[in-house]
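Fold and contact review
Chain residues, written in single-letter form:
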Amino acid sequence: MSEKTRKFPLPLSSITDKAQKKQPVFSSVATPQTATQNAARTAASNPWRPPATVASPSRSHAYAMERAQPLPSPAPRQHALVSDAVRHAMVQRVARQGVKDQAVLDALARVPRHAFMDEGLAPQAYIDASLPIGHHQTISQPYIVARMIEVMRNGAPLQRVLEIGTGCGYQAAVLACIAQEVYSIERIKPLHELAKANLRPMRVANLRLHYGDGMLGLPQAAPFDGIILAAAGLEVPQALLDQLSIGGRLVAPVGGRTQHLELVTRVGKAEWVSQTLEDCHFVPLRPGTV
Ligand code: SAH
């Protein structure tokens, strides 16, 4: 089957088969020519591959993401503020802020955050801040993205992970470097479409995007050994707690005007333990779809 006619979900074997051919995602300074080369490279060899030995998915996925189409090249960005060096400086800053998990820091170094942002904001992509993505939503601060994944992972390999609140798709792309299978749900249709458009040229084969109310989770793909909420509710929805595997870990911002990160671990069929971590600030978790 040619690249053009391949459909999502691709078998995970399609990623592992390419494990030997790892290539950089973007070169440090894009020119029209390098952008074309990058697009061709990412189409030929998907750099998002799960980190460890891959087990076959335990079920078939009837809810495939749309067909993967090689896209026109990403717009050329020649600004030094989006170079690899600037991204590495951001990763070092995140490490200085206390994130220790090397797998998470490596994932942060691999994902071109500027490619998830409006071109006008791209020069600010590697400062440690949340920034607007439209529809009154934001791309999360790199530190908090890394911290939440570190807490969820707890040093162990992750098989299946769910993110609530895809936004522009940045954290989903980082998660796809860490976990074998990633599912992400967004309730605002234009943002779901934006994330698809951002991610399509990167051909992240182990990531599936869904449009829907993430407060209901994704029962057809559960259980998950990790769940991350990128939006804050007054409490963690029970549906999400029910979709954690035993031993699974959920990380969520909880609260209204003041918020904190909460880690919930499922320790039994009907037993969860919860820990309060640091303060944080997220957009609100809202029910339904728009
Ligand atoms: N993960 C993003 C952060 C996006 S901001 C990143 O990579 O930076 C949080 C997102 O959560 C918003 O896009 C918002 O629309 C979404 N959201 C809020 N409530 C939701 C719900 N119930 N289901 C799915 N998405 C939700």
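Located above this text is the structure these notes cover.
Residues numbered from 1 in each chain as written. Predicted model: local features only at pLDDT ≥ 70, side-chain atom pairs only at ≥ 80, totals over all residues. Heavy atoms only, no water.

Focus: the sheet that holds strand β5 (residues 207-211)
If you trace the seven strands from one edge of the open sheet to the other, you get β5-β4-β3-β6-β7-β8-β9, paired in mixed fashion. The two strands at the open ends of the sheet, each matched to only one other strand, are β5 and β9 (271-280). Averaged over all adjacent pairs, the angle separating strand axes in this sheet is 15°, with direction ignored. Summarising the sheet, strand β3 (residues 158-164) and strand β4 (residues 179-186) pair through six bridges and their orientation is parallel. Residue pairing for β4: E163 is matched across the bridge by S184. The sheet strands contacting helix α5 (residues 142-153) are β3, β6 (224-229), β7 (244-255), β8 (259-268) and β9, and the helix crosses β7 at an angle near 150°. Packed on one face of the sheet, helix α7 (residues 189-199) meets β4 and β5 and runs near 160° to β5. (Pairing = 2+ DSSP bridges. Helix = DSSP H or I, 4+ residues; strand = E, 2+ residues; numbered from the N terminus. Axes fitted to C-alpha atoms, helices over the stretch in contact; angles between N-to-C directions. Contact = heavy atoms within 4.5 Å.)

A few points about the nonpolar core
Side chains of a nonpolar character, in soluble globular proteins, are inclined to be buried together. Counting residues in hydrophobic clusters, the biggest one holds 57 residues, and the most contacted among them are L108, F116, I139, I149, Y170, V174 and L207. Element by element, the count of residues in this core is highest for α5, at eight residues. Residues within four places of L108 in sequence aside, it is in contact with R87, M90, V91, V94, P142, V145, A146, Y170 and V174. Counting residues in hydrophobic clusters, the runner-up holds 21 residues, among them L162, A221, A222 and I227. (Core = buried A, V, L, I, M, F, W, Y, C linked by side-chain atoms within 4.5 Å. Buried < 20%, exposed > 50% of the residue type's maximum accessible area, 1.4 Å probe, protein only.)

Some words on the environment of A172
Along the chain, the position of A172 falls in helix α6 (residues 170-176). Overall, A172 belongs to the buried group, its relative accessible area being 0%. Considered as a pair, A172 and V182 are 10 residues apart in the sequence and their alpha carbons are 7.2 Å apart. Each residue touching A172, except ones within four places of it in the same chain, is listed here: E163, V182, S184 and L207.

A few points about the packing of helix α3 (residues 84-96) against helix α4 (residues 102-110)
Close contact between α3 and α4 brings their axes to 9 Å; oriented N to C, the two are set at 155°. By the angle class used here, α3 and α4 are roughly antiparallel. Seen from above, α3 lies across α4 with right-handed handedness. For the pair α3 and α4, the contacting residues are R87, H88, M90, V91, V94 and A95 in the first and L105, L108, A109 and R110 in the second. Here the contact of α3 with α4 is composed, by residue class, of seven nonpolar, one polar and two charged. (Parallel < 35°, antiparallel > 145°, perpendicular 65-115°, else oblique. Left-handed = near helix turned anticlockwise from the far one by under 90°. Nonpolar A, V, L, I, M, F, W, Y, C, P; charged D, E, K, R; others polar.)

A few points about α3
Its 13 residues place the ends of α3 18 Å apart at the C-alpha level, agreeing with the 18 Å of an ideal helix rising 1.5 Å per residue. What α3 keeps buried is the set R87, M90, V91 and V94. Down the axis of α3, the buried side of the element spans an arc of 100°, and every buried residue falls inside it. Away from its buried face by more than 90 degrees, α3 exposes A85 and R96. Against α4, α5 and α6 lie the buried residues of α3. Just beyond α3, the residue with positive phi is G98, at close to 120°. (Expected span 1.5 Å × (residues − 1). Arc of directions from axis to C-beta.)

Points about the side chain of R147
With respect to the secondary-structure elements, R147 resides in helix α5. A polar contact of 2.8 Å, which involves the side chain of R147, links it to the side chain of E150. A polar atom in the side chain of R147 sits 2.9 Å from the side chain of E278. The residues contacting R147, other than those within four sequence positions of it, are V99, L261 and E278. (Polar contact = N/O pair within 3.5 Å; in protein donor to acceptor, adjacent residues only side chain to side chain.)

No statement about biological role is implied by the geometric values presented.
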